[in-house]
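# Structure assessment
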Amino acid sequence: MMVLPLVVRIERAAPPERADALEATAMAVLDLLADPGEWAEELETWQSSGRIRKVVRRARGAEWRRALALPGRTIGHRTAEVRVYPPVPLDDWPKDLARLQVGGTELVDSSDLGPADPPVLWENPALEMSAGKAMAQAGHAAQLAWWASSPEERAAWRDQGLKVSVRAAADFDALAVSGLPVVRDAGFTEIAPGSCTFVADVPWLRVRT
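Residues numbered from 1 in each chain as written. Predicted model: local features only at pLDDT ≥ 70, side-chain atom pairs only at ≥ 80, totals over all residues. Heavy atoms only, no water.

## Here we look at the pairing of strand E3 (residues 73-77)
We count it as follows: For each residue, the accessible area found with a 1.4 Å probe, counting protein chains only, is set against the maximum for its type, and the residue is called buried under 20%, exposed over 50%, and partly exposed in between. In this description a helix means any DSSP run of H or I spanning at least four residues, a strand means any run of E spanning at least two, and both kinds are numbered starting from the N terminus. In this description, strands pair whenever DSSP reports at least two bridges between them.
Side-chain alternation along E3 places Arg73, Ile75 and His77 on a buried face and Thr74 and Gly76 on a face that remains uncovered. Bridging between E3 and strand E4 (residues 80-84) involves five bridges; their strand directions are antiparallel. Bridging from a neighbouring strand, isoleucine 75 pairs with valine 82 of E4.

In structure tokens form, the structure reads like this:
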């Protein structure tokens, strides 16, 4: 199985805001999908499997500097920095990434997030997910929205900087049956298989529902 590695920078003295980290992860996934560059073959192999598994690990200090030295791309978004790498086999991560921890990504938002600018990735507030788990799920939601978009819509999204907002949904159940892209988790970690975690509320997809 191929997985998409993502690393979030979490310095002990200055962790990112939770929403910033989720949004940065989604934008990092979109950036790779929009322009795979030299990793087009790895990306095609990963996507063609039908399983778009993502694993988020955390790094700080020297760990982050080592992560930066490996081929990948870093997305900086407000308080967050997330680095995305080309897909790798689940059991064959680069050594400096494999040694990073998956746990310990308990992030919070220190203030009210305010209104969301579309596209919005709506999180299911009924599920208890670590920030790392939610980051991977937000990445899934962005990817499903990308797949559902036409070439013209993708080009327009790129022109807007591939921006997304992440918010907790007030009525997630209604969104989940609206016809918009829905993430249903495979159940590898934290939550039950088939749980609906995110809905991608993208304006150009909403008009088709």
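## Re the sheet that holds strand E9 (residues 196-201)
For clarity, the threshold we go by: Here, axes are lines fitted to C-alpha atoms. For helices the fit covers the stretch in contact, and angles between N-to-C directions go from 0 to 180 degrees. For this analysis, residues touch if any pair of their heavy atoms sits within 4.5 Å.
In space, the four strands of this open sheet follow the order E7-E6-E9-E8, with mixed pairing throughout. With partners counted over all chains shown, the strands left at the sheet margins are strand E7 (165-168) and strand E8 (182-184), one partner each. Each strand of the sheet is rotated relative to its neighbour by a mean of 20°, with strand direction disregarded. Here four bridges tie strand E6 (residues 120-123) to E7, and the two strands are oriented parallel to one another. Among the inter-strand pairings, valine 120 is bridged to a residue of E7, identified as serine 165. The sheet contacts of helix H5 (residues 131-148) involve E6, E8 and E9, and relative to E9 the element is tilted by about 40°.

## Some words on unusual backbone geometry
Between proline 118 and proline 119 the backbone carries a cis peptide bond, its omega angle lying at -5°. Tracing the chain through its elements places proline 119 in the loop between helix H4 (95-98) and E6. In the Ramachandran plot, leucine 162 falls in the positive-phi region, its phi being about 55° despite a non-glycine side chain. Look at leucine 162 and you get buried, because its relative accessible area is 8%. The phi torsion at glutamate 190 lies on the positive side, around 70°, for a residue other than glycine. Mapped onto the fold, glutamate 190 is located in the loop between E8 and E9.

## Considerations on helix H2 (residues 40-48)
Where we set the bar: What the arc measures is the spread of directions leading from the helix axis to the C-beta atoms.
Among the residues of H2, Leu43, Trp46 and Gln47 are the ones counted as buried. Buried residues of H2, viewed axially, fall in a sector of 95°; they line one side. Along H2, the residues that are exposed and aim more than 90 degrees away from the buried face are Glu41, Glu44 and Ser48. Residues of H2 that are buried sit in contact with strand E1 (2-9), helix H1 (18-34), strand E2 (54-59) and H5. At the exit of H2 stands glycine 50, carrying a positive phi of roughly 85°.

## What to know about the packing of aromatic side chains
Going by this rule: To pair, rings of Phe, Tyr and Trp, with the six-membered ring standing in for Trp, must have centres within 6.5 Å; the planes then decide the type, stacked if under 30 degrees apart, edge-to-face if over 60, and tilted in the middle.
Enumeration over the complete set of coordinates arrives at two aromatic pairs. Measuring from ring centre to ring centre gives 6.0 Å for tryptophan 146 and tryptophan 157, while their planes differ by 40°; the resulting arrangement is tilted. A residue pair is termed long-range when its members are at least 10 positions apart, and tryptophan 146 in helix H5 and tryptophan 157 in helix H6 (residues 151-159) qualify at eleven residues. The same class applies to tryptophan 146 and to tryptophan 157, which are both buried.

## Quick look at the pattern of salt bridges
Side chains carrying opposite charge are able to pair once their charged atoms draw close together. We count it as follows: The working definition used for a salt bridge is a side-chain nitrogen of Lys or Arg within 4 Å of a carboxyl oxygen of Asp or Glu.
Overall, the coordinates contain eleven salt bridges when judged by the stated rule. Taking the shortest distance from any N to any O, the salt bridge between arginine 9 and glutamate 11 comes out at 3.0 Å. A salt bridge links arginine 78 to glutamate 23; its shortest N-O distance comes to 2.5 Å. Of the two residues, arginine 78 is situated in the loop between E3 and E4 and glutamate 23 in helix H1; the sequence distance between them amounts to 55 residues. We classify arginine 78 as exposed; its relative accessible area is 61%. Given the relative accessible area of 1%, glutamate 23 is considered buried. A cluster of three or more residues bridged by salt bridges with shared partners is formed by Asp20, Glu23, Arg78 and Arg167.

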